[in-house]
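# Descriptive structure summary
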Amino acid sequence: MADDMFSLMSLEDELSCSICLCAFNCPVTIPCGHNFCQECLLETWKDNYSCPQCRTHFTTKPVLKKNTVLSTVVETFKMKSNKSDLPSEMGDLIKWDAVKVEPKEMVILCDTCMEAKAFKTCLTCMASFCLEHVRPHHENPVFGAHQLNEPLGDLRDRICPDHHKLMEFYCVQHGRCICGVCLQQVHKGCTFSNPDEQRALQESDLRGKLSLLDGKIDKNQMVISQMSDQQSKLKDSAASRKRALEDDYRQIRELLDRDEREALNTVDREQESGQTKLQNLIKKFNQNIAKLSAAKDGVNSLLSQTQTMAFLQASVDMPAVAALDPYTPKVNLDSKAVAAWHAYSAVLREHLTHVLKQPVEARLQILKPAERFAPPLLPNFYEMGGMPPQGHPRMPRSHSPGAPLRANQKKPPQDSNRERKSDKKRDHKEWKEHKADKNSQKPPNAPRESATPVPHTPRDHPRGQSTEPRPRNREDPGQASVPPSITSAAKRNDLLQYGTVLTLDPKTAHKRISLTENMTMASVSDEPTPYPDGPARFSVCSQVLTSKGFSRGRHYWEVKMSSNNFTGIGLAYNSIDRKGPASRLGRNAQSWCVEWFNVKLSAWHASSETVLQNPNPTRVGVLLDCEEGTATFYNVQDRAYPFHTFVFQFTEAVYPAFWLFSSGSSVSLCKLQS
């Protein structure tokens, strides 16, 4: 009976559900061959259909059928488990002493009388004996070679399952206890030791690991404490900045309100002036009417005279106003002051509308164009591994479109604050001298380049984004504020200040592209997605664009890739071909991309390929500088390591673009957090 019980206990793991860890309840089998409780499996199949044990994915929900054979075995196991009472069934081996020992403390009994408490365990006889029955081992010379030990409760665990001998050795190479027969046969030539010695070594190793874990826990707790302090500081800093912003916007509103009151007062004054003029004219015309009425009465009185002689001797003098024709004066509010206020308010409204439509970083460039390239910012760009603007004395030869970065450029030294300050002064001086030299080199009659952007007629856009390019003057240092290439690792926080939120545009997605996670994840699907046909959709290459394009400012985003195989990340104009084979990213003049094809990484533009060194990134960052015309791709880890830069002239807005070919591959637009 005890052997049956042991066999049942050995089957317990095989008859348990790997989800709830209990015996199967209505077991079902899925196509990969694994068994689960039906209720447990359905609980895990809420979002997708995959095996909880081997992760095999099923495109459709498998049909579940009850495993009748397994269900019968489980029922048998439950019945025998319920009928068996472990303390009474195994009473020949173990008894529980509820009076003399603590709960859960095991009492080892004598294997001879099965009543008295064991005094010694014989490792030769593989049995435990009480004080009375162990006497032959002490008195009879026959048992002189037997090895006595303190009572052991794990005798069965010490017996070799293959040879039924005491496992006296520990095989270091295989990491298991073995008997003498094993040492002479299977483990012949292996390094072995005493189990007690091995236990001491492992205990020492575990204590070292325990000490390491304690140290790591303390460090994690310290970091958590520091982050909690940072949370408090961030909260205070956010409150302070909010108060400052509220004060600035309140002052802006007060300025606008005061400006509005002044404009309205101007109109009121103009209205009062016109009203006064009209009142005076009305008074004058009323006086004229009185004089004309008096003359009319005199004429009527003369006409009523019956005496001819008196009628002929009488005369009527006409008032001077009778010779004048009355007129209606033109009094309006079209004075110069009112017209100026109207023109000013219309221009201000249009300007504010234009400014507020732009990203925040671009608004400052519009409002303060003279400060867009402030010399003190130059050292900061150097610290990021940046480059000065085109034409600057420190600027190396510019890259041709699609040319790879030079990897031997180094950051300037940053030994101390004093050196950093001196670098700033030197950069400022060099920038001024360079600007003066350039101005002096222009011919006297050279036309002055306008700083006002030349308006372009915006083209129709399927996503409502403006495609109006912003003209750039590369000869003016004030027009360039971002280096054309970054050749050394940059601090990720310095890039995150230009972070932008992107979503994928389902109107452009190829039917093999499946969009999920609120339009932030694109993956290749074996089943075509039923997108409606449209002129913006890619029909040949499995590609997709984002919903937002850029023609001004600096923008940064990051992309997480599931694998570096048959994937492309790049940029494209909205005018890129959507139907032909030339619509693939980089195979035309309207797109740029870095592409992973098997183990090869290449940069593509206008069907021209530049093979790059592959850093095998899992997260790629892209910094787009519309003003300078550069797009830099980074391998994002603890820092951002650039591996390629495109330099190109914009002719319209560019959109982040992605190409996916391998089934199961996916790209995700990351939420940017510092």
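Residues numbered from 1 in each chain as written. Predicted model: local features only at pLDDT ≥ 70, side-chain atom pairs only at ≥ 80, totals over all residues. Heavy atoms only, no water.

Just so we agree on the cut-off: UniProt positions are given in the numbering used here, feature names are shortened, and annotations may be inferred rather than shown by experiment.
Looking at an unreviewed UniProt entry, one finds the chain named RING-type E3 ubiquitin transferase and attributed to Salmo trutta. According to UniProt, the comment filed for the chain under the heading Pathway (unreviewed entry) is "Protein modification; protein ubiquitination." What the UniProt record of the chain gives under Catalytic activity (unreviewed entry) is the line "S-ubiquitinyl-[E2 ubiquitin-conjugating enzyme]-L-cysteine + [acceptor protein]-L-lysine = [E2 ubiquitin-conjugating enzyme]-L-cysteine + N(6)-ubiquitinyl-[acceptor protein]-L-lysine."

## Side note on the nonpolar core
General note: in soluble globular proteins, nonpolar side chains tend to be found buried as a group. Applied cut-off: Only buried Ala, Val, Leu, Ile, Met, Phe, Trp, Tyr and Cys residues count toward a nonpolar core, and they belong to the same one when joined by side-chain atoms within 4.5 Å. When accessible area is computed with a 1.4 Å probe and restricted to protein chains, residues below 20% of their type maximum are described as buried, those above 50% as exposed, and intermediate ones as partly exposed. A contact between two residues is defined here by any heavy atoms of the two lying within 4.5 Å.
Among the nonpolar cores identified, the biggest contains 37 residues, and Ile569, Val594, Leu624 and Phe633 are the most heavily contacted of them. Setting aside residues up to four positions removed in sequence, Ile569 forms contacts with Val559, Met561, Cys593, Val594, Trp596, Val620, Val622, Phe633, Ala657 and Phe658. Core analysis: the next-biggest nonpolar cluster, separate from the first, contains 15 residues, Phe24, Ile30, Cys40 and Val74 among them.

## Structural notes on the pattern of salt bridges
The following threshold applies: We define a salt bridge as a side-chain nitrogen of Lys or Arg found within 4 Å of a carboxyl oxygen belonging to Asp or Glu. The secondary structure listing takes helices from DSSP runs of H or I that are at least 4 residues long and strands from runs of E that are at least 2 residues long, numbered from the N terminus.
Scanning the model with the defined rule gives 14 salt bridges in all. Between Arg584 and Glu595 there is a salt bridge, with its nearest N and O atoms 3.0 Å apart. Taken together, the residues Arg584 in the loop between β18 (567-573) and β19 (591-597) and Glu595 in strand β19 connect sequence positions eleven residues apart. Note on accessibility: Arg584 and Glu595 belong to one class, buried. Three or more residues are tied together by salt bridges with common partners; here these are Glu132, Arg135 and Glu139.

## Side note on the packing of aromatic side chains
Formally: Any pair of Phe, Tyr and Trp rings, taking the six-membered ring for Trp, is counted once the centres come within 6.5 Å. Such a pair is stacked with planes under 30 degrees apart, edge-to-face with planes over 60 apart, and tilted for the rest. We call a charge positioned above a ring when the Lys NZ or Arg CZ atom is no farther than 6 Å from the ring centre and deviates by at most 35 degrees from the ring normal.
Summed over all chains, the structure comprises 13 aromatic pairs. Relative to Trp557, the ring of Phe550 lies with its centre 6.0 Å away and its plane at 15 degrees, an arrangement referred to as stacked. Considered together, Phe550 and Trp557 belong to a single accessibility category, that of buried residues. An angle of 45 degrees between the planes, with centres 6.5 Å apart, marks the rings of Phe633 and Phe643 as tilted. Of this pair, Phe633 sits in strand β23 (residues 630-636) while Phe643 sits in strand β24 (residues 640-647), and the two are ten residues apart along the sequence. With respect to class, Phe633 is no different from Phe643; both count as buried. Among the aromatic side chains, those forming a connected cluster through ring pairs are Phe566, Phe597, Trp659 and Phe661. Over the ring of Trp659 we find Arg584; its NZ or CZ atom is 4.2 Å from the centre of that ring.

## Notes on helix α10 (residues 360-367)
Quick reminder of the rule: In this description, one arc is meant: the one made by directions from the helix axis to the C-beta atoms.
Looking at α10, one finds that the buried residues are Ala362, Gln365 and Ile366. Seen from one end, α10 has its buried residues packed into an arc of 100 degrees, which puts them on one side. Across α10 from its buried face, at more than 90 degrees, point the exposed residues Val360, Leu364 and Leu367.

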